[in-house]
Amino acid sequence: MSRVHDMGGQTGFGPVPAGDERAFHADWEARVVAVDAVLRRRGVYVADEFRDAIERIPPGEYLSAGYYERRLIAIETLLDEKGIA
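So, how was this worked out
Residues numbered from 1 in each chain as written. Predicted model: local features only at pLDDT ≥ 70, side-chain atom pairs only at ≥ 80, totals over all residues. Heavy atoms only, no water. Phe/Tyr/Trp six-rings, centres within 6.5 Å; stacked < 30°, edge-to-face > 60°. Helix = DSSP H or I, 4+ residues; strand = E, 2+ residues; numbered from the N terminus. Buried < 20%, exposed > 50% of the residue type's maximum accessible area, 1.4 Å probe, protein only. Axes fitted to C-alpha atoms, helices over the stretch in contact; angles between N-to-C directions. Left-handed = near helix turned anticlockwise from the far one by under 90°. Contact = heavy atoms within 4.5 Å. Nonpolar A, V, L, I, M, F, W, Y, C, P; charged D, E, K, R; others polar.

With respect to the packing of aromatic side chains
Counted under the stated rule, the structure contains 3 aromatic pairs. Their ring planes at 50 degrees and their centres at 5.6 Å tell us that phenylalanine 24 and tyrosine 68 sit as a pair that is tilted. Residue phenylalanine 24 is found in the segment before helix H1 (27-41), and its partner tyrosine 68 is found in helix H4 (residues 67-81); the two are separated by 44 residues along the sequence. A residue is classified by how much of its surface remains accessible, and phenylalanine 24, at 34% relative accessible area, is partly exposed. With a relative accessible area of 14%, tyrosine 68 lands in the buried category. Measuring from centroid to centroid gives 5.8 Å for tyrosine 45 and phenylalanine 50, while their planes differ by 10 degrees, and the two rings are stacked. For tyrosine 45, a relative accessible area of 1% translates into the label buried.

Brief notes about the packing of H1 against H4
For the pair H1 and H4, interaxial distance at closest approach is 10 Å and the crossing angle is 40 degrees. For the pair H1 and H4, the crossing hand works out as left-handed. Mapping the contact onto sequence places Trp28, Glu29, Val32, Val33, Val35, Asp36 and Leu39 in H1 and Tyr68, Glu69, Arg71, Leu72, Ile75 and Leu79 in H4. Broken down by class, the residue content of the contact of H1 with H4 amounts to 9 nonpolar, no polar and 4 charged.

Given below as structure tokens:
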């Protein structure tokens, strides 16, 4: 089943922008990556669960969110589902 995140090779989405070499454009983006790393290391969730949480983001929300926003949504989803949030 193809979901909205499966955009690779599809037409109509334009080229992938390249050029800005900064890893993070804002401090909160680095924090999202750090929180994700800590939660994985502590065994709260694994990579497959994280990927699945990203893939379950509703299409409209997925397309309007940026890369780090999607990661944050996935973390929030998993913590909520596990009763941690």
